[in-house]
There are 2 protein chains.
Amino acid sequence: MDTALKGAMDIFWRQGFAATNLPDLLSAMGLTRGSFYKAFTDKETAYLKALDYYDGAIVSSTVDTLTTCQTETASDCLALLFAASKEPERGCFICNAMVEMAPVNIRVATKANHMSARLRDAIQARIAKHHPTLDADRAEESADLILHLYFGHQAMGKSTEASGQWRSKIAHILNESPV
Amino acid sequence: MDTALKGAMDIFWRQGFAATNLPDLLSAMGLTRGSFYKAFTDKETAYLKALDYYDGAIVSSTVDTLTTCQTETASDCLALLFAASKEPERGCFICNAMVEMAPVNIRVATKANHMSARLRDAIQARIAKHHPTLDADRAEESADLILHLYFGHQAMGKSTEASGQWRSKIAHILNESPV
DNA sequence: CTCATTAGGAACCAAATGGTACAAAACAAA
DNA sequence: TTTGTTTTGTACCATTTGGTTCCTAATGAG
């Protein structure tokens, strides 16, 4: 069941909802039609479950990294969000879902917003940790800015090779001294 | 022909490629199958032409605004990129195309990159105009940053109501004094 | 007007779509 | 082993898909 969900996440993440047909989905999940429809009702439900799986696996792991990483500055840590991915053309599932599905499926929008908020909170906490004198509003503003940058980065990374130098850019936004 | 292209742009912009079926597309373009296939070969070609139309209409108009607007600071002008749209759920066609199509269609990727570059150039030129002493590398870096923010903004705007205060955020990035 | 060319529209097509029905098989309880 | 229940695989279904054909209606040149 868990491996089936992981398979669903993988293929929806790569191909999106509309471009993934049932045969694709079934083989990615390792299920046949009978057991798929018994367990997941329909394609849309499987997509929503795949988003939940992404939340529990990928988002949680990212939040964990942002929370626990040992770096000298906030920007050193936050730059990890922009580190080269081994499969940049799949981008970020949250971003993909926001673009393709959120406008026409409120449940997708809700989940995407929830995951976005988790990322923003983790970013903000990391900023606050290194800048304890900064007031919360400013930290939240900066976190929101970096979150927007992150999604822009993920979107553009699907079309072109990613540009670098993110650490110093983030440092500048946070008024940290660039090395 | 022009109005047909505009119709194609509108529906692909709103719905994306895969989620737009032929009946949808034909009625948006005001054509029947016969004349559609005569003029556009197939759905993919129509999509590519719709991207070109977007380039000539929307991107050009945006570039024009960035080039000619009369503002005191660069951030005042660039904040226009983030102004509330009357249909935020359709986002930006470039961003939509990058996310949905670019990884699986190199011609879409090329067009998206070309339009992105036009926007980036216009942003950079606007920055340079207000900061003549800034060296070109720094101006390009800032322009790239703002372009990433723009796409992130467009992606997130499809899922949730846009957050405001962009002028001051851009001002901060450009080291312009926030009012 | 005549004729050639083009554009438009509707019927049609094979293939693919998401989803269901149902029988066989695996499993658990007794 | 027998029974009842759940899971799995497959054949099937109506509908929709993108695309083609072909006939008719305009259109324009002479």
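My aim in this report is to walk through the structure given alongside it, one point at a time. (Residues numbered from 1 in each chain as written. Chains lettered and ligands numbered in written order. Predicted model: local features only at pLDDT ≥ 70, side-chain atom pairs only at ≥ 80, totals over all residues. Heavy atoms only, no water.)

**A closer look at the interface of chain A and chain B**
Stated formally: Here, residues are in contact when the closest pair of their heavy atoms is within 4.5 Å. Buried area is a sum: the accessible area each of two parts loses on coming together, probed at 1.4 Å, counted once for each and added. By salt bridge we mean one thing: a side-chain nitrogen of Lys or Arg within 4 Å of a carboxyl oxygen of Asp or Glu. Pairs of N or O atoms are called polar contacts if they sit within 3.5 Å, as long as, within protein, a hydrogen donor faces a hydrogen acceptor (for residues adjacent in sequence, only side-chain-to-side-chain pairs). Numbering of helices and strands runs from the N terminus, with a helix taken as a DSSP run of H or I at least four residues long and a strand as a DSSP run of E at least two residues long. We call Asp, Glu, Lys and Arg charged. Ala, Val, Leu, Ile, Met, Phe, Trp, Tyr, Cys and Pro are nonpolar, and the rest, Gly among them, are polar.
On the side of chain B, 35 residues touch chain A, which itself brings 35 residues to the contact. Across the interface of chain A and chain B, roughly 3,000 Å² is buried in total on both sides, 68% from carbon and sulfur atoms. Interface area lost by chain A to chain B is led by Val99(A), His148(A) and Met156(A), which between them contribute 22%. For the pair chain A and chain B, the interface holds 2 salt bridges. A salt bridge links Asp144(B) to Lys169(A); the nearest nitrogen and oxygen atoms lie 3.7 Å apart. On the surface where chain A and chain B come into contact, there are 8 residue pairs in polar contact (both at pLDDT 80 or more). At the level of secondary structure, the elements contributing two or more residues to the side of chain A that touches chain B comprise α6 (93-100), α7 (106-130), α8 (136-157) and α9 (166-173) of chain A. The element contributing the most residues to the side of chain A that touches chain B is α8(A), with 12 residues. Class assignment of the residues belonging to the side of chain A that touches chain B gives a composition of 17 nonpolar, 11 polar and 7 charged.

**Focus on the protein's contact with DNA strand C**
Put simply, the rule reads: Residue proximity to a molecule or strand is established when one non-hydrogen atom of the residue lies within 4 Å of it.
In the neighbourhood of DNA strand C, the contacting residues comprise Thr20(A), Asn21(A), Leu22(A), Arg33(A), Tyr37(A), Asp42(A), Lys43(A), Thr32(B), Arg33(B), Gly34(B), Ser35(B) and Lys38(B). At the protein interface, 50% of the atoms of DNA strand C within 4 Å belong to sugar or phosphate. Asn21(A) has a polar side-chain atom sitting 2.5 Å from a phosphate oxygen of DNA strand C. One of the backbone N or O atoms of Leu22(A) is found 2.7 Å from a phosphate oxygen in DNA strand C. Elements that contribute at least two residues to the surface near DNA strand C include exactly α3 (33-40) of chain A together with α3 (33-40) of chain B. If one sorts the elements of the surface near DNA strand C by residue count, α3(B) sits on top with 4 residues. Across the surface near DNA strand C, the residue classes break down as 2 nonpolar, 5 polar and 5 charged.

**Observations regarding the protein's contact with DNA strand D**
Inspection of the region around DNA strand D gives Thr32(A), Arg33(A), Gly34(A), Ser35(A), Lys38(A), Thr20(B), Asn21(B), Leu22(B), Arg33(B), Tyr37(B), Asp42(B) and Lys43(B) as its neighbouring residues. Near the protein, meaning within 4 Å, the atoms of DNA strand D are sugar or phosphate in a fraction of 47%, with bases accounting for the rest. Between DNA strand D and the protein, one listed contact pairs a base oxygen with a side-chain N or O atom of Arg33(B) at 2.3 Å. Side-chain polar atom of Lys43(B) to a phosphate oxygen of DNA strand D: 3.0 Å apart, as the coordinates give it. Where the surface near DNA strand D is concerned, the elements lending two or more residues are α3 of chain A together with α3 of chain B. Residue classes in the surface near DNA strand D are distributed as 2 nonpolar, 5 polar and 5 charged.

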